[in-house]
Structures are given as C-alpha cells and as structure tokens.
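The chain contents come next:
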Amino acid sequence: MAKPHDPSKDNPETRRARLILSLRSQGVSDPGVLAALEQTPRELFTPDLFMERAWEDSALPIACGQTISQPFIVGLMTQALTLEPRCRVLEIGTGSGYQTAVLSRLSRLVYTVERYRTLLGEAEQRFKALGLGNVITRFGDGAEGWPEQAPFDRILVTAAAPGEPKALLAQLKPSGVLVAPVGRGPVQALKRYAGDGEGGFREEVLCDVRFVPLLEGVAREL
Ligand code: SAH
C-alpha cells in the first residue's frame, strides 16, 4: 500500500508554494503582498531549531521570549496597510525582522524600532545579507514612535498595545493608516485606523489575534 503523503518531507519550494496558496485561500488576495511573502526567505528569520517549520503557517519562538509572526497574520496586516511604493512606514517591534523585510519590498523606506538589542542586532545582519537598503533601525521604546522622522504614511505595530496607541496615531499623516493589535489579554483585536484627512480616524476591527505585549521602555537584558 502507498504511504500517506507527509508534507514535512516536501522540498522547501513545494512548502513555500503550498503556504502562499493557503494564504490566498484565507483572504490574502493582494498580488503584491503575496509576491513579497513569496520572495522573503522566512528560513533566514527562523531559529535553526525550527528550520523545518519555516514555511508552515505558524508563529515560532525566537530569542528573548519573543515570536516571529505567523505568515497569515503578516499577510493580513501588510494587506490592511494598503501600501504604496512611495510610503514611509514605521514598524514597532522588529523581532526577527521578517515583517520588516516584507514591508521593505512594498514601500520606499521602513523605520523599525525594537527594545531588545540582541534581536535588533540579528535582524540588522539579515537586512544586510538580503541587501535591503531601505530599512532604518533603532533600539528604543517603540511606544513613543520615532518623533524625529514623523509623520509617517503608514504605521504597523507588531506587539499588542494595551489601549488606543495615541502617541503613534499622533505621528501618522492625516490620510495615513495604522494597524495594531489592541488589548491587554491573551487575545487582542487587530485594529485598522484610517485617517480621515482632518485629524480624525475611522476605526475597524479586522479579527482576533494573539501577540506578545508591547512593553514599556527598553529591555535591560540583552
Ligand atoms: N514583526 C516581528 C514580530 C516580533 S514579536 C517578526 O516578524 O518577527 C514583537 C516584538 O515587539 C518583540 O521583538 C518585542 O521585543 C517587541 N516590542 C515589544 N514592546 C516593544 C516596545 N515598546 N518597543 C519596541 N519593541 C517592542
């Protein structure tokens, strides 16, 4: 009798193609976003221990007790930003740098802030290895945004904000878009704030998500 097919034995190209198809069937329909996900080598951002799972649709542990986001969520958040090639984007929570790399393929400049030096250092090496010349990094407390570079066309927060991210909304252009998980519990609401051009925002809840919390200040440990 033929053995049942074991997807974990497939080669990386097959796994990657399967993941992209699955993201499309789940609602990531923007061709630019799908191409950026396909072209970003997630295995470069995945710890060695989990290499076999780099093209699975799941979040995975990285150093400092943090996670590399689930590809579906990366696709959904990137799509919700409605990026244009001229956009200057602020990302809070560099983590592995995977989401940053996806953003960098779809925008002019990406400013990214991380509160762990170790994670930031590793992410910077990956950006260099991939030749991503439009990513600008900063070690600091992302909850404060990046006032010197504000205002931004788009802002993406990849850690859960306890409430409405007011300081960040203040750094958004009047017709900009901010996407962030909002909530204090283990499950948060993924929210999209779209500027109305007059200082107000249209707020929309996209789905439930599970993110690590946006913490105050920079980490004392590496
Ligand atoms: N986008 C990342 C996901 C990282 S998880 C990826 O694709 O890998 C969220 C990250 O936000 C963690 O690295 C965490 O350290 C960082 N973070 C949490 N609070 C922060 C803050 N106040 N300022 C900057 N980064 C923060």
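Analysis parameters
- Residues numbered from 1 in each chain as written.
- Predicted model: local features only at pLDDT ≥ 70, side-chain atom pairs only at ≥ 80, totals over all residues.
- Heavy atoms only, no water.
- Phe/Tyr/Trp six-rings, centres within 6.5 Å; stacked < 30°, edge-to-face > 60°.
- Helix = DSSP H or I, 4+ residues; strand = E, 2+ residues; numbered from the N terminus.
- Buried < 20%, exposed > 50% of the residue type's maximum accessible area, 1.4 Å probe, protein only.
- Lys NZ or Arg CZ within 6 Å of the ring centre and 35° of its normal.
- Core = buried A, V, L, I, M, F, W, Y, C linked by side-chain atoms within 4.5 Å.
- Pairing = 2+ DSSP bridges.
- Axes fitted to C-alpha atoms, helices over the stretch in contact; angles between N-to-C directions.
- Contact = heavy atoms within 4.5 Å.
- Right-handed = clockwise from strand over helix to strand, strands pointing away.
- Salt bridge = Lys/Arg side-chain N within 4 Å of Asp/Glu carboxyl O.

Undergrad: For this particular structure, what's the right way to read the packing of aromatic side chains?
TA: Given two aromatic rings, one states the distance between the centres and the angle between the planes to describe the pair. The final tally for this structure, using the stated rule, is three aromatic pairs. A ring pair is formed by Tyr-111 and Trp-146, whose centres lie 5.2 Å apart and whose planes are at 80°; its orientation type is edge-to-face. Highlighted residues: Tyr-111 in strand β4 (residues 109-114) and Trp-146 in the loop between β5 (135-139) and β6 (152-157), separated in sequence by 35 residues. With respect to burial, Tyr-111 and Trp-146 carry one shared label: buried. Considering the side-chain rings of Tyr-111 and Phe-152, the 5.6 Å spacing of their centres and the 65° angle between planes classify their relative orientation as edge-to-face. In this pair, Tyr-111 sits in strand β4 while Phe-152 sits in strand β6, placing the two residues 41 residues apart along the sequence. As far as the burial class goes, Tyr-111 and Phe-152 line up, both buried. Sitting over the ring of Tyr-98, Arg-42 keeps its end group 5.4 Å from the ring centre.

Undergrad: What am I meant to see in the nonpolar core here?
TA: Most often, soluble globular proteins keep nonpolar side chains buried together rather than apart. Ranked by internal contacts, the top residues of the largest apolar core, which has 44 residues, are Leu-37 and Val-179. For this core, the secondary-structure elements that each account for two or more residues are α1 (12-25), α2 (31-39), α3 (71-80), α4 (98-104), α5 (117-129) and β7 (172-182). Residue contributions to this core peak at six residues, all from α3. Judged by nonpolar contacts, the second largest core, of 15 residues, contains Leu-90, Val-113, Leu-172 and Leu-178.

Undergrad: Explain the sheet that holds strand β8 (residues 188-195) to me, please; I cannot follow it from the model alone.
TA: If you walk across this open sheet you meet the seven strands as β5-β4-β3-β6-β7-β8-β9, and the pairing is mixed. Across the chains shown, the open sheet's two edge strands, defined by having one partner strand only, are β5 and β9 (201-209). Each strand of the sheet is rotated relative to its neighbour by a mean of 15°, with strand direction disregarded. With respect to the sheet, α3 is in contact with β6, β7, β8 and β9, its orientation differing from that of β7 by roughly 160°. With respect to the sheet, α5 is in contact with β4 and β5, its orientation differing from that of β5 by roughly 165°.

Undergrad: In this structure, what is going on with the pairing of strand β3 (residues 88-92)? I would like to understand it.
TA: Along any regular strand the residues' side chains alternate between the sheet's two faces. Most of β3 sits inside the fold, with five of its five residues counted as buried. Side chains Arg-88, Leu-90 and Ile-92 of β3 all project onto a buried face; the interleaved residues Val-89 and Glu-91 project onto the opposite face, where all are buried too. Here β3 pairs with β4 via five bridges, running parallel. Counterpart to Arg-88 in the pairing with β4 is Leu-109. Handedness of the crossover joining β3 and β4 through α4: right-handed. Pairing geometry for β3 and β6, over four bridges, is parallel. When the bridges of β6 are listed, Leu-90 appears paired with Ile-155.

Undergrad: Looking at this model, I keep getting lost on the pattern of salt bridges. Mind explaining?
TA: Oppositely charged side chains may form a pair once their charged atoms are brought near each other. Scanning the entire structure with this criterion turns up eight salt bridges. Across the pair Glu-203 and Lys-191 runs a salt bridge, and its minimum N-O distance is 2.8 Å. Linking Glu-203 in strand β9 with Lys-191 in strand β8, this pair joins segments that are 12 residues apart in sequence.

Undergrad: I'm lost on unusual backbone geometry in this one. Help?
TA: Leaving glycine aside, a negative phi is the common case for residues, and trans is the common case for peptide bonds. A cis amide bond links Ala-150 with the next residue in sequence, Pro-151, at an omega value of 0°. With respect to the helices and strands, the residue Pro-151 is situated in the loop between β5 and β6. Positioned with a positive phi, Cys-64 is a non-glycine residue whose angle comes to about 60°. In this structure, Cys-64 sits in the loop between β1 (60-61) and β2 (67-68).

That's the geometry; what it means functionally is another story.
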